[in-house]
Amino acid sequence: MLTRRPVFAAALPQLHLGGRAADGSIVVDDRAAERRVRVYTPRLNSQFRAGYRAGLWYLRTPGDVEPSPRSPGYPTRTAALDSLRSVPRGRTSPSTRGGAPGRVLWS
């Protein structure tokens, strides 16, 4: 089959979901924007005092320690991930390394 229709490049999904952390959050690699984002729901009393709402999902960059919410609350985890997919690609640079985008070559 590969001799009739060779594969020169394989498409990669824009978002790669990592495993769940101990606190229930999920680390997401956004390949289009070349960044990592954590999708989580609040669990600590200090988070609720800082302005979080129960049952909503939020986005944050890993390593950010500010207690206040950094994104609007989303009703579901899927809605939070859809907001990452809907970011216009013109706002972010596709590659900081320069040159042509990478391709997966099969031999």
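Just above, that's the structure.
Residues numbered from 1 in each chain as written. Predicted model: local features only at pLDDT ≥ 70, side-chain atom pairs only at ≥ 80, totals over all residues. Heavy atoms only, no water.

What about the environment of Val-39?
Inference 1: Position of Val-39 relative to the elements: it lies in strand β3 (residues 35-40).
Inference 2: When the C-alpha atoms of Val-39 and Trp-57 are compared, they prove to be 6.7 Å apart, with 18 residues separating the residues in sequence.
Inference 3: Here Val-39 is in contact with Ser-25, Ile-26, Val-28, Trp-57, Tyr-58, Leu-59, Arg-77, Ala-80 and Leu-81, once residues within four sequence places are set aside. (Helix = DSSP H or I, 4+ residues; strand = E, 2+ residues; numbered from the N terminus. Contact = heavy atoms within 4.5 Å.)

Some details on the packing of aromatic side chains
Inference 1: All told, the structure shown has 3 aromatic pairs when counted by the stated rule.
Inference 2: Measuring from centroid to centroid gives 6.0 Å for Tyr-40 and Tyr-52, while their planes differ by 65 degrees, and the two rings are edge-to-face. Of this pair, Tyr-40 sits in strand β3 while Tyr-52 sits in the loop between α1 (45-49) and β4 (58-60), placing them 12 residues apart in sequence.
Inference 3: Take Tyr-40: its relative accessible area is 3%, and that puts it in the buried class.
Inference 4: On the numbers, 4.7 Å between centres and 90 degrees between planes, the contact of Tyr-52 with Tyr-58 is edge-to-face. (Phe/Tyr/Trp six-rings, centres within 6.5 Å; stacked < 30°, edge-to-face > 60°. Buried < 20%, exposed > 50% of the residue type's maximum accessible area, 1.4 Å probe, protein only.)

Quick look at the side chain of Arg-60
Inference 1: Structurally, Arg-60 can be placed in strand β4.
Inference 2: Residue classification places Arg-60 among the buried positions, given a relative accessible area of 5%.
Inference 3: In terms of polar contacts, Arg-60 uses its side chain to reach the side chain of Tyr-40, at 3.0 Å.
Inference 4: Within the structure, Arg-60 has its side chain in polar contact with the side chain of Asp-64 (distance 3.3 Å).
Inference 5: The residues touching Arg-60, leaving out its near neighbours within four places in the chain, are Val-37, Arg-38, Tyr-40, Tyr-52, Glu-66, Pro-67, Ser-68, Pro-69 and Arg-70. (Polar contact = N/O pair within 3.5 Å; in protein donor to acceptor, adjacent residues only side chain to side chain.)

Digging into the pairing of strand β2 (residues 26-30)
Inference 1: The two faces of β2 differ: Ile-26, Val-28 and Asp-30 on one face are buried, but Val-27 and Asp-29 on the other face are not.
Inference 2: Strand direction decides the pairing type here: strand β1 (residues 15-20) and β2, joined by 4 bridges, are antiparallel. Bridge pairing in β2 links Leu-15 to Asp-30.
Inference 3: Here β1 folds back onto β2, and the loop between the two strands holds 5 residues, one of which, Gly-24, carries a positive phi near 90 degrees.
Inference 4: Here 5 bridges tie β2 to β3, and the two strands are oriented antiparallel to one another. From the neighbouring strand, Asp-30 faces β3, where its bridge partner is Arg-35.
Inference 5: Linking β2 back to β3 in an antiparallel pair, the connection comprises 4 residues, with Glu-34 at a positive phi of about 55 degrees. (Pairing = 2+ DSSP bridges.)

So, the pattern of salt bridges
Inference 1: Scanning the model with the defined rule gives 3 salt bridges in all.
Inference 2: For Asp-29, the salt bridge is made with Arg-36, and the minimal N-O distance between the two is 2.7 Å.
Inference 3: Judged by relative accessible area, which is 25%, Asp-29 ranks as partly exposed.
Inference 4: Residue Arg-36 is classed as partly exposed on the basis of its relative accessible area of 48%.
Inference 5: Where Arg-60 meets Asp-64, a salt bridge forms, and the shortest distance between an N and an O atom there is 3.3 Å.
Inference 6: Relative accessible area serves as the criterion here: at 27%, Asp-64 is assigned to the partly exposed category.
Inference 7: One salt-bridge network, held together by shared partners, links Arg-60, Asp-64 and Arg-70. (Salt bridge = Lys/Arg side-chain N within 4 Å of Asp/Glu carboxyl O.)

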